[in-house]
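Spelled out from the first residue to the last, the chains are:
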Amino acid sequence: MLRSKETLLHGVLSLADQVLVSGSSFVTIALISQSCSAFHVGEFALAWTIVALIRTVQERAIAAPYLAFTYRPEFSRPSYRGSVVSHQMFFALSCGLIGLAICLLLLLTGIERGVLSLSISLACAAPFILIRDQMRAVCTADSKFAKLLIIDICIVATQLTGILLLFFLGRITLARINGILGIACMFPIAYWFLQSRSSFAFEWKSIASDWRHNWRYSRWLVVARMFGIAPFFLIPWFVALSLGLEKAGAFGNCMNLVGLSQMFIMGVNNMFQPKTVRELQTSGTKGMFGCIRLTLITILPVLLLVSIAFFFLGDFALGLIYGKFYADYGWIAFLMSVSTLAMTCSVIYGNGLAALGASKEYFRGEFLGSVVSILFALLLVPRIGLQGAPMALVLGGLAASITTWGSLKKRAQLYDEEILNANFASNRVQKLAV
(Lines give C-alpha, C1' and ligand atoms only; values in the text may rest on other atoms or scores of the structure.)
Protein backbone atom coordinates (compact mmCIF):
# COMPACT_ATOMS: atom_id res chain seq x y z
CA MET A 1 0.00 0.00 0.00
CA LEU A 2 2.80 2.40 0.93
CA ARG A 3 4.58 1.61 -2.33
CA SER A 4 1.40 2.30 -4.33
CA LYS A 5 0.93 5.64 -2.57
CA GLU A 6 4.55 6.60 -3.29
CA THR A 7 4.15 5.64 -6.95
CA LEU A 8 0.97 7.71 -7.22
CA LEU A 9 2.59 10.74 -5.57
CA HIS A 10 5.64 10.52 -7.80
CA GLY A 11 3.41 10.18 -10.84
CA VAL A 12 1.39 13.26 -9.94
CA LEU A 13 4.50 15.35 -9.24
CA SER A 14 6.29 14.13 -12.37
CA LEU A 15 3.29 14.82 -14.56
CA ALA A 16 2.78 18.25 -12.99
CA ASP A 17 6.40 19.13 -13.71
CA GLN A 18 6.18 17.97 -17.32
CA VAL A 19 2.92 19.90 -17.81
CA LEU A 20 4.68 22.98 -16.51
CA VAL A 21 7.74 22.62 -18.77
CA SER A 22 5.84 21.61 -21.92
CA GLY A 23 3.14 24.20 -21.28
CA SER A 24 5.78 26.91 -21.06
CA SER A 25 7.21 25.90 -24.46
CA PHE A 26 3.70 25.82 -25.91
CA VAL A 27 2.86 29.32 -24.68
CA THR A 28 6.19 30.65 -25.95
CA ILE A 29 5.59 29.36 -29.49
CA ALA A 30 2.00 30.63 -29.43
CA LEU A 31 3.11 34.16 -28.47
CA ILE A 32 5.81 34.14 -31.16
CA SER A 33 3.23 33.03 -33.75
CA GLN A 34 0.85 35.81 -32.73
CA SER A 35 3.62 38.45 -32.87
CA CYS A 36 5.86 37.38 -35.77
CA SER A 37 5.38 36.40 -39.39
CA ALA A 38 5.14 32.78 -40.49
CA PHE A 39 8.59 33.25 -42.04
CA HIS A 40 10.15 34.11 -38.66
CA VAL A 41 8.20 31.32 -36.96
CA GLY A 42 9.83 28.96 -39.44
CA GLU A 43 13.27 30.38 -38.60
CA PHE A 44 12.67 29.85 -34.88
CA ALA A 45 11.40 26.30 -35.43
CA LEU A 46 14.44 25.36 -37.51
CA ALA A 47 16.87 26.91 -35.01
CA TRP A 48 15.38 24.91 -32.16
CA THR A 49 15.70 21.65 -34.06
CA ILE A 50 19.45 22.14 -33.58
CA VAL A 51 18.99 22.64 -29.83
CA ALA A 52 16.79 19.54 -29.68
CA LEU A 53 19.52 17.53 -31.39
CA ILE A 54 22.16 18.68 -28.88
CA ARG A 55 19.86 18.02 -25.92
CA THR A 56 19.27 14.50 -27.18
CA VAL A 57 23.00 13.80 -27.40
CA GLN A 58 23.43 14.99 -23.82
CA GLU A 59 20.50 12.94 -22.56
CA ARG A 60 21.84 9.74 -24.09
CA ALA A 61 25.56 10.26 -23.45
CA ILE A 62 25.37 11.65 -19.88
CA ALA A 63 21.91 11.33 -18.30
CA ALA A 64 21.12 7.78 -19.50
CA PRO A 65 24.27 6.17 -17.98
CA TYR A 66 23.61 7.97 -14.70
CA LEU A 67 20.12 6.51 -14.61
CA ALA A 68 21.32 3.03 -15.53
CA PHE A 69 24.22 2.78 -13.06
CA THR A 70 23.46 5.01 -10.09
CA TYR A 71 21.44 2.23 -8.41
CA ARG A 72 24.28 -0.27 -8.60
CA PRO A 73 26.40 -0.60 -5.44
CA GLU A 74 29.74 0.07 -7.16
CA PHE A 75 28.46 3.41 -8.52
CA SER A 76 26.50 4.68 -5.53
CA ARG A 77 29.35 6.99 -4.55
CA PRO A 78 29.72 10.80 -4.48
CA SER A 79 32.65 10.66 -6.91
CA TYR A 80 30.43 9.10 -9.60
CA ARG A 81 27.86 11.86 -9.16
CA GLY A 82 30.65 14.43 -9.34
CA SER A 83 31.97 12.82 -12.52
CA VAL A 84 28.56 13.04 -14.20
CA VAL A 85 28.24 16.72 -13.24
CA SER A 86 31.73 17.39 -14.64
CA HIS A 87 30.90 15.61 -17.90
CA GLN A 88 27.77 17.70 -18.30
CA MET A 89 29.48 21.03 -17.53
CA PHE A 90 32.18 20.31 -20.09
CA PHE A 91 29.61 19.30 -22.70
CA ALA A 92 27.48 22.42 -22.15
CA LEU A 93 30.48 24.76 -22.28
CA SER A 94 31.79 23.08 -25.43
CA CYS A 95 28.43 23.47 -27.17
CA GLY A 96 28.29 27.16 -26.30
CA LEU A 97 31.82 27.82 -27.56
CA ILE A 98 31.27 25.87 -30.77
CA GLY A 99 28.05 27.81 -31.33
CA LEU A 100 29.83 31.15 -30.90
CA ALA A 101 32.58 30.01 -33.29
CA ILE A 102 29.92 29.22 -35.90
CA CYS A 103 28.40 32.66 -35.33
CA LEU A 104 31.81 34.23 -36.01
CA LEU A 105 31.99 32.35 -39.32
CA LEU A 106 28.48 33.55 -40.20
CA LEU A 107 29.54 37.13 -39.44
CA LEU A 108 32.53 36.82 -41.77
CA THR A 109 30.26 35.56 -44.56
CA GLY A 110 28.05 38.66 -44.23
CA ILE A 111 24.89 36.81 -43.24
CA GLU A 112 21.68 38.72 -42.54
CA ARG A 113 21.69 40.58 -39.21
CA GLY A 114 18.48 38.95 -37.93
CA VAL A 115 19.80 35.42 -38.49
CA LEU A 116 23.10 36.35 -36.85
CA SER A 117 21.42 37.76 -33.72
CA LEU A 118 19.23 34.63 -33.51
CA SER A 119 22.32 32.40 -33.77
CA ILE A 120 24.31 34.32 -31.14
CA SER A 121 21.43 34.33 -28.65
CA LEU A 122 20.93 30.61 -29.17
CA ALA A 123 24.63 29.85 -28.62
CA CYS A 124 24.61 31.84 -25.36
CA ALA A 125 21.35 30.36 -24.05
CA ALA A 126 22.03 26.72 -24.95
CA PRO A 127 24.56 25.93 -22.14
CA PHE A 128 22.10 27.01 -19.42
CA ILE A 129 19.29 25.02 -21.04
CA LEU A 130 21.54 21.94 -21.21
CA ILE A 131 22.55 22.25 -17.54
CA ARG A 132 18.89 22.55 -16.60
CA ASP A 133 18.13 19.34 -18.52
CA GLN A 134 20.82 17.46 -16.60
CA MET A 135 19.50 18.82 -13.30
CA ARG A 136 16.07 17.50 -14.22
CA ALA A 137 17.55 14.11 -15.14
CA VAL A 138 19.37 13.80 -11.79
CA CYS A 139 16.28 14.77 -9.79
CA THR A 140 14.17 12.30 -11.77
CA ALA A 141 16.63 9.44 -11.27
CA ASP A 142 16.74 10.19 -7.54
CA SER A 143 12.90 10.44 -7.43
CA LYS A 144 13.15 13.99 -6.05
CA PHE A 145 10.09 15.16 -7.96
CA ALA A 146 8.98 17.76 -5.40
CA LYS A 147 12.33 19.56 -5.52
CA LEU A 148 12.31 19.39 -9.32
CA LEU A 149 8.82 20.86 -9.49
CA ILE A 150 9.75 23.81 -7.24
CA ILE A 151 12.86 24.64 -9.27
CA ASP A 152 10.98 24.40 -12.58
CA ILE A 153 8.21 26.64 -11.23
CA CYS A 154 10.83 29.32 -10.56
CA ILE A 155 12.35 28.95 -14.03
CA VAL A 156 9.05 28.90 -15.92
CA ALA A 157 7.64 31.84 -13.94
CA THR A 158 10.70 33.93 -14.85
CA GLN A 159 10.61 32.89 -18.50
CA LEU A 160 6.90 33.57 -19.02
CA THR A 161 7.02 36.87 -17.12
CA GLY A 162 9.77 38.14 -19.39
CA ILE A 163 8.15 36.87 -22.60
CA LEU A 164 4.70 38.22 -21.70
CA LEU A 165 6.24 41.60 -20.90
CA LEU A 166 7.83 41.68 -24.37
CA PHE A 167 4.53 40.58 -25.92
CA PHE A 168 2.42 43.32 -24.35
CA LEU A 169 5.06 45.96 -25.11
CA GLY A 170 5.26 44.77 -28.72
CA ARG A 171 9.01 44.16 -28.43
CA ILE A 172 9.21 40.43 -29.17
CA THR A 173 12.20 39.32 -31.24
CA LEU A 174 13.59 35.82 -31.59
CA ALA A 175 16.93 36.84 -30.05
CA ARG A 176 15.25 38.34 -26.98
CA ILE A 177 13.14 35.21 -26.52
CA ASN A 178 16.28 33.04 -26.54
CA GLY A 179 17.98 35.34 -24.06
CA ILE A 180 15.10 35.11 -21.61
CA LEU A 181 14.89 31.31 -21.93
CA GLY A 182 18.57 30.98 -21.03
CA ILE A 183 18.93 33.65 -18.32
CA ALA A 184 15.87 32.36 -16.42
CA CYS A 185 17.72 29.08 -15.78
CA MET A 186 20.80 30.60 -14.15
CA PHE A 187 19.83 31.27 -10.53
CA PRO A 188 17.58 28.21 -9.93
CA ILE A 189 20.33 25.97 -11.32
CA ALA A 190 22.92 27.64 -9.07
CA TYR A 191 20.63 27.08 -6.08
CA TRP A 192 20.18 23.39 -6.97
CA PHE A 193 23.92 22.86 -7.31
CA LEU A 194 24.77 24.58 -4.01
CA GLN A 195 21.98 22.79 -2.18
CA SER A 196 23.12 19.39 -3.56
CA ARG A 197 26.89 19.90 -3.42
CA SER A 198 27.34 17.61 -0.41
CA SER A 199 26.34 14.63 -2.60
CA PHE A 200 29.07 15.41 -5.17
CA ALA A 201 32.79 14.67 -4.94
CA PHE A 202 35.17 15.67 -7.74
CA GLU A 203 38.12 13.34 -8.34
CA TRP A 204 40.05 13.77 -11.58
CA LYS A 205 40.90 10.08 -11.93
CA SER A 206 37.26 9.11 -11.41
CA ILE A 207 36.05 11.74 -13.89
CA ALA A 208 38.15 10.19 -16.67
CA SER A 209 37.49 6.54 -15.81
CA ASP A 210 33.76 7.12 -15.28
CA TRP A 211 33.56 8.84 -18.65
CA ARG A 212 35.18 5.86 -20.38
CA HIS A 213 32.81 3.48 -18.61
CA ASN A 214 29.72 5.56 -19.37
CA TRP A 215 30.71 6.06 -22.98
CA ARG A 216 31.14 2.32 -23.57
CA TYR A 217 27.55 1.95 -22.40
CA SER A 218 26.02 5.02 -24.03
CA ARG A 219 27.70 5.17 -27.43
CA TRP A 220 25.10 2.91 -29.00
CA LEU A 221 22.36 4.85 -27.23
CA VAL A 222 23.72 8.08 -28.69
CA VAL A 223 23.94 6.65 -32.19
CA ALA A 224 20.50 5.07 -31.85
CA ARG A 225 18.87 8.26 -30.65
CA MET A 226 20.61 10.32 -33.32
CA PHE A 227 18.85 8.12 -35.83
CA GLY A 228 15.67 8.30 -33.79
CA ILE A 229 15.60 12.09 -33.77
CA ALA A 230 16.96 12.45 -37.31
CA PRO A 231 13.47 12.60 -38.92
CA PHE A 232 12.36 15.36 -36.51
CA PHE A 233 15.57 17.25 -37.30
CA LEU A 234 15.84 16.66 -41.05
CA ILE A 235 12.20 16.65 -42.17
CA PRO A 236 11.48 20.27 -41.04
CA TRP A 237 14.58 21.40 -42.94
CA PHE A 238 13.48 19.39 -45.97
CA VAL A 239 10.02 21.00 -45.75
CA ALA A 240 11.64 24.45 -45.59
CA LEU A 241 13.81 23.73 -48.64
CA SER A 242 10.98 22.14 -50.65
CA LEU A 243 7.94 24.20 -49.62
CA GLY A 244 9.34 27.36 -47.99
CA LEU A 245 9.84 28.71 -44.46
CA GLU A 246 6.13 29.53 -44.08
CA LYS A 247 5.24 25.86 -44.47
CA ALA A 248 8.07 24.96 -42.10
CA GLY A 249 6.57 27.38 -39.58
CA ALA A 250 3.13 25.77 -39.96
CA PHE A 251 4.68 22.31 -39.55
CA GLY A 252 6.52 23.54 -36.46
CA ASN A 253 3.30 24.90 -34.93
CA CYS A 254 1.52 21.60 -35.54
CA MET A 255 4.38 19.82 -33.81
CA ASN A 256 4.16 22.31 -30.94
CA LEU A 257 0.41 21.80 -30.50
CA VAL A 258 0.69 18.02 -30.70
CA GLY A 259 3.66 18.33 -28.34
CA LEU A 260 1.20 19.05 -25.55
CA SER A 261 0.64 15.30 -25.44
CA GLN A 262 4.41 14.91 -25.00
CA MET A 263 4.19 16.52 -21.58
CA PHE A 264 1.93 13.66 -20.53
CA ILE A 265 4.14 11.05 -22.17
CA MET A 266 7.35 12.42 -20.66
CA GLY A 267 5.76 13.03 -17.28
CA VAL A 268 4.55 9.44 -17.01
CA ASN A 269 7.71 8.01 -18.58
CA ASN A 270 9.94 10.01 -16.22
CA MET A 271 8.24 8.16 -13.38
CA PHE A 272 8.23 4.69 -14.97
CA GLN A 273 11.69 4.73 -16.58
CA PRO A 274 13.68 4.48 -13.31
CA LYS A 275 11.06 2.09 -11.93
CA THR A 276 11.61 -0.20 -14.93
CA VAL A 277 15.30 -0.36 -14.04
CA ARG A 278 14.51 -1.05 -10.37
CA GLU A 279 11.98 -3.75 -11.19
CA LEU A 280 14.55 -5.60 -13.28
CA GLN A 281 17.04 -5.46 -10.40
CA THR A 282 14.51 -6.59 -7.77
CA SER A 283 11.97 -8.76 -9.63
CA GLY A 284 13.70 -9.79 -12.84
CA THR A 285 12.24 -9.59 -16.33
CA LYS A 286 8.76 -10.45 -15.05
CA GLY A 287 8.70 -7.28 -12.96
CA MET A 288 10.23 -5.28 -15.81
CA PHE A 289 7.55 -6.37 -18.29
CA GLY A 290 4.87 -5.67 -15.69
CA CYS A 291 6.15 -2.11 -15.40
CA ILE A 292 6.23 -1.74 -19.20
CA ARG A 293 2.62 -2.97 -19.48
CA LEU A 294 1.53 -0.53 -16.80
CA THR A 295 3.25 2.31 -18.69
CA LEU A 296 1.46 1.35 -21.92
CA ILE A 297 -1.93 1.09 -20.19
CA THR A 298 -1.40 4.53 -18.65
CA ILE A 299 -0.25 6.35 -21.79
CA LEU A 300 -1.87 4.84 -24.90
CA PRO A 301 -5.59 5.44 -24.12
CA VAL A 302 -4.88 9.12 -23.50
CA LEU A 303 -2.98 9.46 -26.78
CA LEU A 304 -5.84 7.78 -28.65
CA LEU A 305 -8.29 10.35 -27.27
CA VAL A 306 -5.89 13.14 -28.25
CA SER A 307 -5.79 11.89 -31.85
CA ILE A 308 -9.60 11.78 -32.00
CA ALA A 309 -9.74 15.35 -30.68
CA PHE A 310 -7.30 16.57 -33.34
CA PHE A 311 -9.31 14.84 -36.07
CA PHE A 312 -12.42 16.86 -35.23
CA LEU A 313 -11.01 20.08 -33.72
CA GLY A 314 -7.53 20.50 -35.21
CA ASP A 315 -8.37 23.41 -37.55
CA PHE A 316 -10.23 25.30 -34.84
CA ALA A 317 -7.45 24.86 -32.28
CA LEU A 318 -4.66 25.97 -34.63
CA GLY A 319 -6.57 29.06 -35.75
CA LEU A 320 -7.48 30.05 -32.20
CA ILE A 321 -4.00 29.57 -30.70
CA TYR A 322 -1.63 30.59 -33.49
CA GLY A 323 -3.73 32.80 -35.77
CA LYS A 324 -5.95 32.50 -38.84
CA PHE A 325 -3.01 31.71 -41.13
CA TYR A 326 -2.68 28.28 -39.46
CA ALA A 327 -6.40 27.37 -39.38
CA ASP A 328 -6.17 25.06 -42.41
CA TYR A 329 -3.54 22.70 -41.01
CA GLY A 330 -5.69 20.58 -38.69
CA TRP A 331 -5.17 17.45 -40.80
CA ILE A 332 -1.40 17.85 -40.36
CA ALA A 333 -1.83 18.09 -36.58
CA PHE A 334 -3.98 14.93 -36.59
CA LEU A 335 -1.34 12.97 -38.53
CA MET A 336 1.34 14.26 -36.16
CA SER A 337 -0.68 12.97 -33.20
CA VAL A 338 -0.91 9.54 -34.85
CA SER A 339 2.85 9.52 -35.36
CA THR A 340 3.31 10.32 -31.66
CA LEU A 341 1.08 7.37 -30.79
CA ALA A 342 3.12 5.08 -33.04
CA MET A 343 6.49 6.23 -31.72
CA THR A 344 5.56 6.13 -28.03
CA CYS A 345 5.52 2.33 -27.96
CA SER A 346 9.13 2.31 -29.15
CA VAL A 347 10.13 4.71 -26.36
CA ILE A 348 8.47 2.55 -23.69
CA TYR A 349 10.00 -0.67 -25.03
CA GLY A 350 13.32 1.18 -25.07
CA ASN A 351 13.07 1.60 -21.29
CA GLY A 352 13.29 -2.17 -21.02
CA LEU A 353 16.30 -2.40 -23.33
CA ALA A 354 18.03 0.38 -21.37
CA ALA A 355 17.40 -1.49 -18.11
CA LEU A 356 18.92 -4.63 -19.65
CA GLY A 357 21.96 -2.66 -20.81
CA ALA A 358 21.08 -3.57 -24.41
CA SER A 359 21.90 -0.24 -26.01
CA LYS A 360 23.03 -1.88 -29.26
CA GLU A 361 19.66 -3.59 -29.71
CA TYR A 362 17.88 -0.28 -29.12
CA PHE A 363 19.86 1.14 -32.02
CA ARG A 364 18.22 -1.24 -34.48
CA GLY A 365 14.70 0.05 -33.87
CA GLU A 366 15.76 3.69 -33.98
CA PHE A 367 17.77 3.12 -37.14
CA LEU A 368 14.98 1.38 -39.02
CA GLY A 369 12.37 3.94 -37.92
CA SER A 370 14.60 6.80 -39.01
CA VAL A 371 15.36 5.33 -42.41
CA VAL A 372 11.68 4.62 -43.09
CA SER A 373 10.62 8.14 -42.04
CA ILE A 374 13.26 9.97 -44.07
CA LEU A 375 12.83 7.87 -47.21
CA PHE A 376 9.05 8.29 -47.22
CA ALA A 377 9.39 12.03 -46.53
CA LEU A 378 11.68 12.39 -49.55
CA LEU A 379 9.14 10.43 -51.58
CA LEU A 380 5.87 11.97 -50.33
CA VAL A 381 6.55 15.67 -49.60
CA PRO A 382 7.39 16.65 -53.22
CA ARG A 383 4.33 14.73 -54.49
CA ILE A 384 1.54 15.47 -52.01
CA GLY A 385 2.90 18.48 -50.09
CA LEU A 386 3.10 19.09 -46.36
CA GLN A 387 0.92 16.16 -45.32
CA GLY A 388 3.58 13.80 -46.63
CA ALA A 389 5.86 14.78 -43.72
CA PRO A 390 3.65 13.50 -40.84
CA MET A 391 2.65 10.46 -42.91
CA ALA A 392 6.33 9.55 -43.14
CA LEU A 393 6.67 9.95 -39.36
CA VAL A 394 3.72 7.59 -38.79
CA LEU A 395 5.34 4.87 -40.91
CA GLY A 396 8.69 5.36 -39.19
CA GLY A 397 7.12 5.16 -35.75
CA LEU A 398 5.41 1.87 -36.57
CA ALA A 399 8.64 0.40 -37.91
CA ALA A 400 10.61 1.48 -34.82
CA SER A 401 8.03 0.12 -32.36
CA ILE A 402 7.75 -3.30 -34.01
CA THR A 403 11.53 -3.71 -34.23
CA THR A 404 12.16 -2.53 -30.65
CA TRP A 405 9.56 -4.93 -29.25
CA GLY A 406 11.17 -7.87 -31.03
CA SER A 407 14.61 -6.89 -29.71
CA LEU A 408 13.26 -6.52 -26.17
CA LYS A 409 11.69 -9.98 -26.14
CA LYS A 410 14.86 -11.61 -27.45
CA ARG A 411 17.16 -9.75 -25.04
CA ALA A 412 14.94 -10.51 -22.02
CA GLN A 413 15.04 -14.21 -22.88
CA LEU A 414 18.85 -14.12 -22.99
CA TYR A 415 18.92 -12.28 -19.65
CA ASP A 416 16.75 -14.97 -18.02
CA GLU A 417 19.00 -17.70 -19.38
CA GLU A 418 22.10 -15.94 -18.02
CA ILE A 419 20.52 -15.60 -14.57
CA LEU A 420 19.43 -19.25 -14.63
CA ASN A 421 22.92 -20.42 -15.60
CA ALA A 422 24.52 -18.22 -12.95
CA ASN A 423 22.22 -19.60 -10.26
CA PHE A 424 22.89 -23.16 -11.38
CA ALA A 425 26.64 -22.59 -11.25
CA SER A 426 26.37 -21.00 -7.81
CA ASN A 427 24.34 -23.90 -6.42
CA ARG A 428 26.80 -26.40 -7.85
CA VAL A 429 29.72 -24.62 -6.20
CA GLN A 430 27.88 -24.63 -2.87
CA LYS A 431 27.19 -28.38 -3.11
CA LEU A 432 30.83 -29.10 -3.92
CA ALA A 433 31.90 -27.00 -0.97
CA VAL A 434 29.64 -29.03 1.34
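Summary of the structure given here. No experiment lies behind these values; they were computed from the predicted model shown.

**Focus on the overall build of the protein**
Part 1 of the reasoning: When its secondary structure is counted, the protein shows 13 helices and zero strands.
Part 2 of the reasoning: In the protein, the succession of α and β elements from N to C terminus is α-α-α-α-α-α-α-α-α-α-α-α-α.
Part 3 of the reasoning: Here the C-alpha atoms of the protein give a radius of gyration of 22 Å, agreeing with the 22 Å that 2.2 N^0.38 yields for 434 residues.
Part 4 of the reasoning: In terms of its C-alpha atoms, the protein occupies a principal-axis envelope of roughly 80 × 45 × 45 Å.

**Observations regarding the pattern of salt bridges**
Part 1 of the reasoning: On inspection of all chains with the given rule, the structure shows seven salt bridges.
Part 2 of the reasoning: Linking R132 and D152 is a salt bridge whose minimum nitrogen-to-oxygen distance equals 3.0 Å. Linking R132 in helix α4 (residues 113-141) with D152 in helix α5 (residues 145-169), this pair joins segments that are 20 residues apart in sequence. In this structure, R132 and D152 share a single accessibility class: buried.
Part 3 of the reasoning: Among the ionic pairs, D152 bridges to R136, the shortest N-O distance being 3.0 Å. Of this pair, D152 sits in helix α5 while R136 sits in helix α4, and the two are 16 residues apart along the sequence.

**Quick word on the packing of helix α9 (residues 245-258) against helix α10 (residues 260-322)**
Packed helix pairs are characterised by how far apart their axes lie and by the angle those axes make with each other.
Part 1 of the reasoning: Two elements in contact, α9 and α10, have axes separated by 7 Å at closest approach and are oriented at 125°. Classified by the angle their axes make, α9 and α10 are oblique. Here α9 contributes N253, C254, N256, L257 and V258 to the contact with α10, which in turn contributes L260, S261, Q262, F310, A317, L318, I321 and Y322.
Part 2 of the reasoning: Of the residues belonging to the contact of α9 with α10, the class tally is nine nonpolar, four polar and no charged.

**A few points about a nonpolar patch on the surface**
Part 1 of the reasoning: Together, L304, L305, I308, F311, F312, L313 and W331 make up a nonpolar patch on the protein surface, roughly 780 Å² of accessible area in all.
Part 2 of the reasoning: Per element, the largest residue contribution to the nonpolar patch is six residues, and it comes from α10.
Part 3 of the reasoning: Owing to a relative accessible area of 47%, F311 belongs among the partly exposed residues under this scheme.

**What to know about helix α11 (residues 330-355)**
Part 1 of the reasoning: The terminal C-alpha atoms of α11 lie 38 Å apart, and with 26 residues this matches the ideal 38 Å at 1.5 Å per residue to within 8%.
Part 2 of the reasoning: Most of α11 sits inside the fold, with 21 of its 26 residues counted as buried.
Part 3 of the reasoning: With its phi angle positive at about 75°, G357 sits one or two positions after the end of α11.

**A closer look at the side chain of S86**
Part 1 of the reasoning: Along the chain, the position of S86 falls in helix α3 (residues 78-108).
Part 2 of the reasoning: Among the residues examined, S86 registers a relative accessible area of 18% and is labelled buried.
Part 3 of the reasoning: Apart from residues no more than four positions distant in its own chain, S86 is found in contact with F202 and I207.

**Quick notes on the packing of aromatic side chains**
Part 1 of the reasoning: Applying the stated rule across the entire model yields 19 aromatic pairs.
Part 2 of the reasoning: Where F69 meets Y217, the ring centres are 4.9 Å apart and the plane angle is 75°; that geometry is what we call edge-to-face. Pair noted here: F69 is in helix α2 (residues 38-69) and Y217 is in helix α8 (residues 204-243), with a separation of 148 residues, a long-range link.
Part 3 of the reasoning: The class of F69 is buried, set by a relative accessible area of 5%.
Part 4 of the reasoning: Judged by centre distance (6.4 Å) and plane angle (50°), the ring pair of F233 and W237 falls under tilted. Of the two residues, F233 and W237 both sit in helix α8, four residues apart, roughly one turn of that helix.
Part 5 of the reasoning: Taken together, the ring pairs in this structure connect F26, Y322, F325, Y326 and Y329 into an aromatic cluster.
Part 6 of the reasoning: Stacked on the ring of F289, the Lys or Arg K409 has its end atom at 5.6 Å from the ring centre.

**What to know about the packing of α2 against α8**
Part 1 of the reasoning: Where α2 contacts α8, the two axes come as close as 8 Å, and the packing angle between them is 160°. When the interaxial angle is binned, α2 and α8 end up roughly antiparallel. Remark: the crossing between α2 and α8 carries right-handed chirality.

**Focus on the environment of D210**
Part 1 of the reasoning: Checked against the element boundaries, D210 lands in helix α8.
Part 2 of the reasoning: The class for D210 is buried, based on a relative accessible area of 3%.
Part 3 of the reasoning: Sequence separation between D210 and E366 is 156 residues, and the spatial gap between their C-alpha atoms is 26 Å.

Calculation notes
Residues numbered from 1 in each chain as written. Predicted model: local features only at pLDDT ≥ 70, side-chain atom pairs only at ≥ 80, totals over all residues. Heavy atoms only, no water. Helix = DSSP H or I, 4+ residues; strand = E, 2+ residues; numbered from the N terminus. Rg over C-alpha atoms; globule rule 2.2 N^0.38 Å. Salt bridge = Lys/Arg side-chain N within 4 Å of Asp/Glu carboxyl O. Buried < 20%, exposed > 50% of the residue type's maximum accessible area, 1.4 Å probe, protein only. Axes fitted to C-alpha atoms, helices over the stretch in contact; angles between N-to-C directions. Parallel < 35°, antiparallel > 145°, perpendicular 65-115°, else oblique. Contact = heavy atoms within 4.5 Å. Nonpolar A, V, L, I, M, F, W, Y, C, P; charged D, E, K, R; others polar. Patch = residues over 30% accessible without salt bridge, like charges linked within 9 Å, V, L, I, M, F, W, Y side chains within 5 Å. Areas by Shrake-Rupley, 256 points an atom, 1.4 Å probe, with all protein chains shown as cover. Expected span 1.5 Å × (residues − 1). Phe/Tyr/Trp six-rings, centres within 6.5 Å; stacked < 30°, edge-to-face > 60°. Lys NZ or Arg CZ within 6 Å of the ring centre and 35° of its normal. Left-handed = near helix turned anticlockwise from the far one by under 90°.

So, to be careful, I would describe these as geometric facts and stop short of saying anything about function.
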